[in-house]
Amino acid sequence: MTKKNKITIYDIAEEANVSPSMVSRVYNQKPGVSKAKRERIEALIRKYNYVPDEYAKSLKNQHTKCIGIIVSDVCNPFFARIIYECDQIAEKNGYSVFSYETHDLPENEMKFLNILAAQKMDAIILLGGESDWIDIDADYYACVERIARNTPVITIGRMQCDNIYNVITDEARAMRTLIEYLIGLGHRDFFFLGGIPNARSYADKAEQFTCMMRRYHIPEEQSQISMCGYEKEQGYSEMLRVLRNGDRPTAVIAINEIVAIGAIRAIKEMHLSIPEDISIVCFDNSFISESITPMLTTVGCNYEKFAQRLIYTALDAITEAHPHTVKKPDIIESVFVIRDSVKSYN
């Protein structure tokens, strides 16, 4: 295929030796296409980063007043609250929000990026997903970079390229806040529970955890880290393993409230009490932290402020005459809330 400014559905159809309607069916995940033809067409779509133009060219410079949100897990209370706040703020500014869930699958994220671009969203917000990974897949990066040339992309991750806007929380400061609080109450035996190594938000917390342990001369056997994921059952099984091995930290720092709930279940199964035997703190500060017993001490974002920054960054980007070049992330301060889940040893 000869190089040209924009690849059309007819170009893809010609090279794949199929009809344009068949290309359309494959792109929109419709049935009625053989496996061999589907794979051939999908390979060409990836090769040329093809995005169909769903609207007339006369609409090119007009706004649809729509913002797309791609979220990795809509059941996660952190993301659910952000989407809710974004929807409220967007509506007040005359915009509608359309959200898609990827189920933590990068291929879904790229699919929805292409769909939202084809639907002419004025901006796209990425919540979670690969934009916060340390090692970003080359195909994913190319997909986001291409779409960002025409549509502003706002992410709560740290991926950077032209026309990508980063709105993030200070993960290191959040971890530092929790540890300084626990140290101040006399804790000297810690267990950081949850997360995955390729998530930058986790890596920033883990790095700060290690630095703080060195600063306060906490030995390695009293500063354990377990990358067990983000789910309740993972927190439960890993906490249970540690306790059955005879280890009993004075303080557990959970990566989120879901993992904390799993850890609490394991602690109670071992006939231990919170906070009398083990204290527990976590990140996120959604409604969950104040809905369980004991209520959890947490560090989390100010959801309304965070959503305001996401939407207003999108609105500002929409009206920019030219895409911005890479700049420093916009960092939102976390909120520290002391509740009932920590014991003082002083």
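From a predicted model like this one, the values you see are computed outputs, not experimental measurements.

### Describing the side chain of Lys205
Structurally, Lys205 is set in helix H8 (residues 200-215). Discounting chain neighbours no more than four positions away, the residues touching Lys205 are Glu171, Met175, Phe192, Ile255 and Phe283.

### Remarks on helix H7 (residues 171-184)
The terminal C-alpha atoms of H7, which comprises 14 residues, lie 20 Å apart, in line with the 20 Å expected from a rise of 1.5 Å per residue. Looking at H7, one finds that the buried residues are Glu171, Ala174, Met175, Leu178, Ile179, Tyr181, Leu182 and Ile183. The backbone nitrogen of Ala172 has a side-chain oxygen 3.4 Å away, supplied by the residue at the start of H7, namely Asp170. Where H7 ends, the next residue or the one after it, Gly186, has phi of about 95 degrees, a positive value.

### Regarding the packing of helix H4 (residues 77-92) against helix H11 (residues 303-319)
Between H4 and H11, the least distance of the axes is 8 Å, while the angle of their chain directions is 55 degrees. Classified by the interaxial angle, the pair formed by H4 and H11 is oblique. Along this stretch, H4 crosses H11, giving a crossing that reads as right-handed. Between H4, through Phe78, Arg81, Ile82, Glu85, Cys86, Ile89 and Ala90, and H11, the contact on the second element is made entirely by Tyr303, Glu304, Phe306, Ala307, Gln308, Leu310, Ile311 and Tyr312. Residue composition of the contact of H4 with H11, by class: 11 nonpolar, 1 polar and 3 charged.

### Brief notes about the environment of Arg40
Tracing the backbone shows Arg40 in helix H3 (residues 35-47). Separated by 25 residues in the primary sequence, Arg40 and Glu15 place their C-alpha atoms 9.5 Å from one another. For Arg40, the residues in contact, after removing those within four places along its chain, are Ala16, Asn17 and Val18. Within the structure, Arg40 has its side chain in polar contact with the backbone oxygen of Ala16 (distance 3.0 Å).

### Brief notes about the sheet that holds strand S12 (residues 334-337)
One open sheet accounts for 6 strands, arranged S7-S6-S8-S9-S10-S12; its pairing is mixed. Single-partner strands in this sheet number two, and they are strand S7 (223-226) and S12. Between one strand axis and the next, the sheet turns through 15 degrees on average, direction left out of account. Relative to strand S9 (residues 279-283), strand S8 (residues 251-254) runs parallel, the two sharing 4 bridges. Across the sheet, residue Ala254 finds its bridge partner in S9, namely Cys282. Lying on the sheet, H8 is in contact with strand S6 (190-193), S7, S8 and S9; it crosses S7 at an angle near 165 degrees.

### Considerations on the nonpolar core
In summary, soluble globular proteins display a tendency toward joint burial of nonpolar side chains. Judged by nonpolar contacts, the single largest core of 46 residues is most densely connected at Phe190, Phe192, Met239 and Ile253. Going through the elements one at a time, H7, S6, H8, helix H9 (232-244), S8, helix H10 (257-269) and S9 are the ones with two or more residues in this core. Of all the elements, H7 adds the most residues to this core, at 7 residues. Core analysis: the second largest hydrophobic core is formed by 37 residues, Ile9, Ala16, Ile45 and Cys143 among them.

### Description of the packing of aromatic side chains
A complete count under the given rule lists 7 aromatic pairs for this structure. On the numbers, 4.9 Å between centres and 35 degrees between planes, the contact of Tyr100 with Phe112 is tilted. Pair noted here: Tyr100 is in strand S2 (residues 96-101) and Phe112 is in helix H5 (residues 106-118), with a separation of 12 residues, a long-range link. Between Tyr181 and Phe336 the ring centres are 5.2 Å apart and the planes differ by 70 degrees, which places this aromatic pair in the edge-to-face class. Placement of Tyr181 in helix H7 and of Phe336 in strand S12 is noted, with a sequence separation of 155 residues between them.

Reading the values: the criteria
Residues numbered from 1 in each chain as written. Predicted model: local features only at pLDDT ≥ 70, side-chain atom pairs only at ≥ 80, totals over all residues. Heavy atoms only, no water. Helix = DSSP H or I, 4+ residues; strand = E, 2+ residues; numbered from the N terminus. Contact = heavy atoms within 4.5 Å. Expected span 1.5 Å × (residues − 1). Buried < 20%, exposed > 50% of the residue type's maximum accessible area, 1.4 Å probe, protein only. Polar contact = N/O pair within 3.5 Å; in protein donor to acceptor, adjacent residues only side chain to side chain. Axes fitted to C-alpha atoms, helices over the stretch in contact; angles between N-to-C directions. Parallel < 35°, antiparallel > 145°, perpendicular 65-115°, else oblique. Left-handed = near helix turned anticlockwise from the far one by under 90°. Nonpolar A, V, L, I, M, F, W, Y, C, P; charged D, E, K, R; others polar. Pairing = 2+ DSSP bridges. Core = buried A, V, L, I, M, F, W, Y, C linked by side-chain atoms within 4.5 Å. Phe/Tyr/Trp six-rings, centres within 6.5 Å; stacked < 30°, edge-to-face > 60°.

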